[in-house]
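Commentary on secondary and tertiary structure
The lines below spell out each chain.
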Amino acid sequence: MGRFDGKRVVLGVTGSISCFKAAQLCSTLVQTGADVDVILTAAAREFLTPLTFQSLTRRPVYTSLYDVLPDLSSAHVALGAQADVLLICPASATTLARLAHGSAEDMLSCTALASKAPLVIAPAMNVNMWEHPATRANVALLRERGAIQVGPVVGHLAEGISAMGRLAPLEDVLAATRLALGRRPAWEGRRVVVTAGGTQEPLDPVRYIGNRSSGKMGYAIAEAARDRGARVSLIAGPTALPHPWGVEVRLAPTAREMLDAVLAACDGADALIMAAAVADYRPAGVAEHKIKKTGVGLELRLVQNPDIVATVHATYGDRLVKVGFAAESQDVLAEAGRKLDAKGLHLICANDVTEPGSGFGTDTNRVTLIGRNGWREDLPVMAKEAVADRILDRVEQLFS
Ligand code: C5P
């Protein structure tokens, strides 16, 4: 199951040299379940042929305002009305100008004008064109009307220099499209704090005590909350995962650094979702120099770390929804229920880390959601993205 299952995406491709990347984007959208209708502007046709996109989508590709559908209705009106999202990637300066001013002189700008679907723009152009007051004003106008802008970024441009104007990475364009499709009124204006990954507790300048958390569950929750339209602060221990687009990421390597970051971020927040595997103990002291081998054993003295979510509960009470995780290897449900009460949580996601397809490092998880007053939901083994959605469905209920 892809993220775009059954979604109708109108992909507008304009004549920026980066339009060769739109073919890859189109292929990814199709592979993740979207029905993609492609519109090429006249300038894009100078770079690419309709056949490229026709082959990728197995659907007609639109290039002219005077294309007619089999039923002879106007193609631009039909495409605009059916679309779940209108994604323009890359968006040239001139297409942005047409869109901003409602000038419907080609198939793409006409479809945009005839559509009520959310608009995603991924601008890409020369740095001077991007910085021109006309382009700035056009983009500001489109954003004011609700368009989601992704990029451009600083990087290599076709002119051979590195500057602002490069098309955003395709993962970011896909993330912005997910947001356009996923926004829900219940999450508008909400601020959500998510923690992810495992903490690392230093022993000396080169060693630490850590755990096997990959961060995947927390990152999936952060992205799913962003898709619903929340402002998301992701506070993460060290992970190998790329920063998700549209999420504010702060790194907190140790439990105590994570505590400080979480406490500050929770002020005024609507929800805290603690998916991080926080080390319960840390070395009593950090050696100034690398600990040497002595030929005999080494005893470490550990002290307990503060409990982050319990501290948030003591500080903010029930002013925000608090969700925790209980990764257990025995008495899973009883342990999770005990932690729900002890930490003042509204919801705990219990999982048995000894089960296959569950817990650390995997792409799937099998959790039981446990709430206050005996509320409980057993979920099957699911992709972590799907688990994230089920957790947020429950958080959404708790908001109301
Ligand atoms: O007690 P235990 O570590 O099993 O509890 C797990 C839950 O509590 C997780 O949500 C975890 O993020 C959170 N936790 C915390 N502070 C700690 C340890 C765990 O907030 N020091």
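Report on the accompanying structure. These figures come from a predicted structure and were not determined experimentally.

With respect to the helices and strands, Ser-27 occurs in helix 1 (residues 21-31). Taking relative accessible area as the criterion, Ser-27 reaches 15% and is therefore assigned buried. For Ser-27, the side chain forms a polar contact with the side chain of Gln-31, separated by 2.8 Å.

Here we come to the site of the ligand. Around the ligand, the neighbouring residues are Met-274, Ala-276, Val-278, Asp-280, Pro-306, Asp-307, Ile-308, Val-309, Gly-324, Phe-325, Lys-339 and Lys-343. The contact in question runs from an oxygen atom of the ligand to an N or O atom on the backbone of Ala-276, over 2.7 Å. Contact with the protein chains covers 88% of the free accessible surface of the ligand, which is 440 Å². For the ligand, the cavity whose grid points lie within 2 Å of the majority of its atoms is the largest pocket.

One pass over the full model with this rule turns up 1 aromatic pair. With 5.0 Å between their ring centres and 65° between their planes, Trp-187 and Phe-399 make a pair best called edge-to-face. Remark: Phe-399 occurs in helix 14 (residues 384-399) and Trp-187 occurs in the loop between helix 9 (170-182) and strand 9 (191-196); sequence separation between them is 212 residues. Each member of the pair Trp-187 and Phe-399 is classed as buried. Here Arg-190 stacks its cationic end above the ring of Phe-399, 4.1 Å away from the centre of that ring.

Rules and cut-offs
- Residues numbered from 1 in each chain as written.
- Predicted model: local features only at pLDDT ≥ 70, side-chain atom pairs only at ≥ 80, totals over all residues.
- Heavy atoms only, no water.
- Helix = DSSP H or I, 4+ residues; strand = E, 2+ residues; numbered from the N terminus.
- Buried < 20%, exposed > 50% of the residue type's maximum accessible area, 1.4 Å probe, protein only.
- Polar contact = N/O pair within 3.5 Å; in protein donor to acceptor, adjacent residues only side chain to side chain.
- Near = heavy atom within 4 Å.
- Areas by Shrake-Rupley, 256 points an atom, 1.4 Å probe, with all protein chains shown as cover.
- 1 Å grid on protein atoms, 1.4 Å probe; cavity = no way out; pocket = protein on both sides within 12 Å on 5 of 7 lines; lining within 4 Å.
- Sits in = over half its atoms within 2 Å of the grid points.
- Phe/Tyr/Trp six-rings, centres within 6.5 Å; stacked < 30°, edge-to-face > 60°.
- Lys NZ or Arg CZ within 6 Å of the ring centre and 35° of its normal.

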